[in-house]
Structure formats: structure tokens, C-alpha cells
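Fold and geometry: a report
Below are the chains, spelled out letter by letter.
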Amino acid sequence: MPQIALEQRLEVRFSVLPPLALYVHIPWCVRKCPYCDFNSHERAEALPEREYVERLIADLESLLPSVWGRRLTSVFIGGGTPSLFSPAAIDDLLGAVRARLPLEPGAEITLEANPGTVEAARFRGFREAGVNRISLGVQSFDDRMLGALGRIHGAAEARNAVDAALASFDNVNIDLMYGLPAQTVDMAGADIGAALACGVPHISAYQLTIEPNTAFYRRPPPLPEHDDCADMQLAVEEALAGAGYEHYETSAFARPGRRCRHNLNYWEFGDYVGIGAGAHGKVSFPDRVTRHERIKQPRDYLAGTATLAREFTVPPEELPFEFMLNALRLIDGFAISLFGERTGLPFISVVKQLEEAERRGLVQRDWQHVRPTERGRLFLNELLALFVGGGNGGRESGVPVALRATRTSSPAER
Ligand code: SF4
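What comes next concerns the included structure. (Residues numbered from 1 in each chain as written. Predicted model: local features only at pLDDT ≥ 70, side-chain atom pairs only at ≥ 80, totals over all residues. Heavy atoms only, no water.)

**Description of the site of the ligand**
The immediate surroundings of the ligand are formed by C29, R31, K32, C33, Y35, C36, S40, G80, T81, N114 and R151. For the shell around the ligand, the per-class residue count stands at four nonpolar, four polar and three charged. (Near = heavy atom within 4 Å. Nonpolar A, V, L, I, M, F, W, Y, C, P; charged D, E, K, R; others polar.)

Right, here's the structure in full:
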């Protein structure tokens, strides 16, 4: 066999499988926000709560043969707006999950909630159902910005929701956005100040981006200039650092000990099963890594007998890119040993690309660790391009799948 063929063949071999998490997608919202490209749909009259939970359970059961004997390290109920479901429905769901897949002791169980759909009693109900972390889609504490974003809540409702969440949960995330229509740097600074005043242990701060298939894409609002957005990002990062929050991922900030374990599992390229309309998953086997997608339209998901839309083995040469796409979002980068543990590939398969990344000033490395430099984080696309298609650069293959995988976690944090 020619030498070149030997060099190119990558084989996946796991001695220990990665940690396993569960993502549950609930696809309904009160109203569709004009910037949102997630699989979320305006609710009709009554939500088909019972039917949907039954479908989720059937969906999970269909996945069980692929994850026998494994334990869940975290559960994330995202959407959409999962807080539209009653505590009783969430209780049924989590009870069914526990009966089918053992949870690690103290497993993180997050539920995404939106102001305007929750009050104190509802939070208490979620707590009693076993939820131990709440992620609140606040987005802004400024009524003008909330109006421009088409949110169903105002600033007062946002504050009430945060207070009500903190009365039942000590682990609460707030999603905040900057770079909003007609927002100034001072307004963004005031917003982060308001978020800090709430005293939550975790804040996710994102710049608004205009995505295809959204109302904002068809009718773009007046957005701040690029330089202003960069200043807003800096102001947000400085305010959070000054208040003792650790910046641990591109958009995530946490008080010590409060990093989101579920999202860390994505960024560290762990496994996860995804159930619910349009949910994605990634499951490793001793000799391969697979991905699955569930049927996207809630109506079809509820109606048919099958829930699986697509399942495939990830080509081994795409795994380095997928790993880097996630792990290089982490401010501290990753331990070299993690690459083999999570891709099943030898580290040697990415050494050349990392040498090139180091030469360009995009990463720093020692014999134990790889860390993106500030330049690497700023030019993440250039850094990631080195790993596309096993390092030959420029090929698009693998990008959409991996991006979606990341965003499967993030909807719940946005
Ligand atoms: S941004 Fe959140 S609340 Fe708005 S439509 Fe999308 S999922 Fe629903």
C-alpha cells in the first residue's frame, strides 16, 4: 500500500467512552422572536403536553440500546420555552428519564425559562420535580431593547423572574445580549450592571447576530457599528471579571464552582443523546462516533411512529475539526489527553496542524495543554480551518453538523 494511504487512514478506538448527557427539546414559545433561528414555534391554543412527554419517553427508549450501562452526567431541558410546560409534566418526564437511565449523584438538571411564563409557585414546582438549575432568557433589562427584540416581557418582569428563580434555586443563569438595535456602549454597560445587581452565579453574554430564516434577516434592524460592538464586548468582559466571574468559554461567565456542566460536556466533546423535535445527539462506540437527529416539525414528531430523521457515523477525518470547534471555545483550551479520550484518535493526527497554529500565534502549547491565544480567539475561523477535513483546509464538510451540535446546547442558554 502506498505510504500516503497509510498516513491518511484514521481509526477510531475508545478504551473508555466519553461522559454522557441528555438534551430534551421542547419546541414551543408564546411568540417567535424576530432574531430567533432555533426550532421554536408559536404555540397554538393548548400545548399537547401529555402527548409530547409520552413521545419524549418513547424517543428515549428507542435510544437506550445505544447507551446501555451508561450514566447521565447532566440533563438540559431547552427550547423553545420549556417553562410553558407544567411542573407536573416536567416531573413525569424526569421520573421517566430516571427510570430508564441512571443519573450520576448530584447530576446537573437545567430547565430553560423565559420571563413572562414563570412565577414563584411554578419555580417551586420545577424544583420539586428535580430541576436544580434554571437558565433564564432575560436578554436585556432595558424596556427599549426588549421591545426592539420582540420579547414578550419587560424589564420589571425580567427582574421579578430572576428574583423568583433565586428564591427556589441557587444555580441560575441569565442570558444577556448586546449589539442590539440602536444600542450604545453605555446602554450595554448599564445592562450588564443590571445583570450583575441580580446576583446570579452564571451569565451568558452574546452579541446579537442576524441569522438566515429570521424576521430580522428579511428586515434588518439598525445595528451598532462593528467597533461599538467590540467595545460592548470589552465592557461586558471587564465588568464581569471585576465582579469575580470567571470567563471560561467565548460567551459564558461563572462564579467559581458554577460553570455549566452540561455545556462543558459539549465543549469538551462529550457524548449526549438528544430527544424531542429537531434534537441532535452524538454517541460514541468503541470503534466509531455517531450523530443522530430527530424529526424537526413538532406536528410530524408527534404524529408518526418513528422519531429519528437521520443517523450516521462521523468520518474519522472530520473528528479533529469537530473536537477543535468545541474545545477551542474554552478560554483555557484543553488537556492534550482529552483529544484522544473524546475522539478515539491518536494525538499525533493533529500535531502538524497545531504546530502551524502555534507558528501563526493562534495557540500556545506545552506537553500537557493547548490553549487558544487572544489572537486565536479573535481569528477562530482561521484557527479552525487548519483542522477541516483532517487538516487539508478549506473544505466545508463537517462544519454545519458541528455548528448545530454546539447550538443544540446553546439555545437553552440564549
Ligand atoms: S429566542 Fe427563545 S423565546 Fe424567542 S422564539 Fe427563540 S426560543 Fe423562543
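Next comes the rest of the account.
**Notes on the packing of aromatic side chains**
Tallied over the entire structure, the rule returns 13 aromatic pairs. Their ring planes at 45° and their centres at 5.5 Å tell us that Y52 and Y301 sit as a pair that is tilted. Note that Y52 is positioned in helix α2 (residues 49–63) and Y301 in helix α11 (residues 298–303), a separation of 249 residues in sequence. Across the pair, exposure class does not vary: Y52 and Y301 are buried alike. Relative to F169, the ring of F123 has its centre 6.2 Å away and its plane inclined at 80°; by these criteria the two rings are edge-to-face. With F123 in helix α4 (residues 120–129) and F169 in the loop between α6 (155–168) and β7 (172–178), this residue pair connects regions lying 46 residues apart in the sequence. (Phe/Tyr/Trp six-rings, centres within 6.5 Å; stacked < 30°, edge-to-face > 60°. Helix = DSSP H or I, 4+ residues; strand = E, 2+ residues; numbered from the N terminus. Buried < 20%, exposed > 50% of the residue type's maximum accessible area, 1.4 Å probe, protein only.)

**Observations regarding the sheet that holds strand β17 (residues 369–372)**
In spatial order, the strands read β15-β17-β16; together these three strands make up an open sheet with antiparallel pairing. Each edge of the open sheet carries a strand with a single partner, namely β15 (334–335) and β16 (363–365). In terms of strand pairing, β15 meets β17 through two bridges, oriented antiparallel. Residue pairing across strands places A335 opposite H369, the latter belonging to β17. (Pairing = 2+ DSSP bridges.)

**A look at unusual backbone geometry**
Across the junction of G79 and G80, the peptide omega takes the value 20°, indicating a cis bond. Despite not being glycine, F269 shows a phi value in the positive range, around 60°. Mapping F269 onto the fold places it in the loop between α10 (261–267) and β11 (271–275). What makes F269 buried here is its relative accessible area of 1%.

**What to know about the nonpolar core**
In terms of nonpolar packing, the biggest core is built from 69 residues, with I90, F123 and I134 touching the most fellow members. Residue contacts for F123: discarding those within four places in its chain leaves A113, V118, I134, L136, A161, A164, A165, S168 and F169. In terms of nonpolar packing, the next biggest core, distinct from the first, is built from 31 residues, F339, L345, V363 and L386 among them. (Core = buried A, V, L, I, M, F, W, Y, C linked by side-chain atoms within 4.5 Å. Contact = heavy atoms within 4.5 Å.)

**A closer look at the state of the cysteines**
Two cysteines, two sulfur atoms, one covalent bond between them: this is a disulfide. A complete count under the given rule lists zero disulfides for this structure. C198 provides the cysteine sulfur closest to C260, a residue in no disulfide bond, and the two sulfurs are 19 Å apart. (Disulfide = S-S within 2.5 Å.)

**Focus on the pairing of strand β6 (residues 133–139)**
Of all the seven residues making up β6, seven are buried; the element is thus mostly covered by neighbouring parts of the structure. Strand direction decides the pairing type here: strand β5 (residues 103–113) and β6, joined by four bridges, are parallel. Within β6, the residue paired with A113 across the bridge is L136.

**Looking at the pattern of salt bridges**
Under the definition given, this model contains 18 salt bridges. Here D59 ties to R294 by a salt bridge, and the two come within 2.7 Å at their closest N and O atoms. One end of the pair, D59, is in helix α2; the other, R294, is in strand β13 (residues 288–294), with 235 residues separating them in the sequence. One exposure class covers both D59 and R294, and it is buried. Salt-bridge contacts for R144 lead to D142; the nearest nitrogen and oxygen are separated by 2.9 Å. (Salt bridge = Lys/Arg side-chain N within 4 Å of Asp/Glu carboxyl O.)

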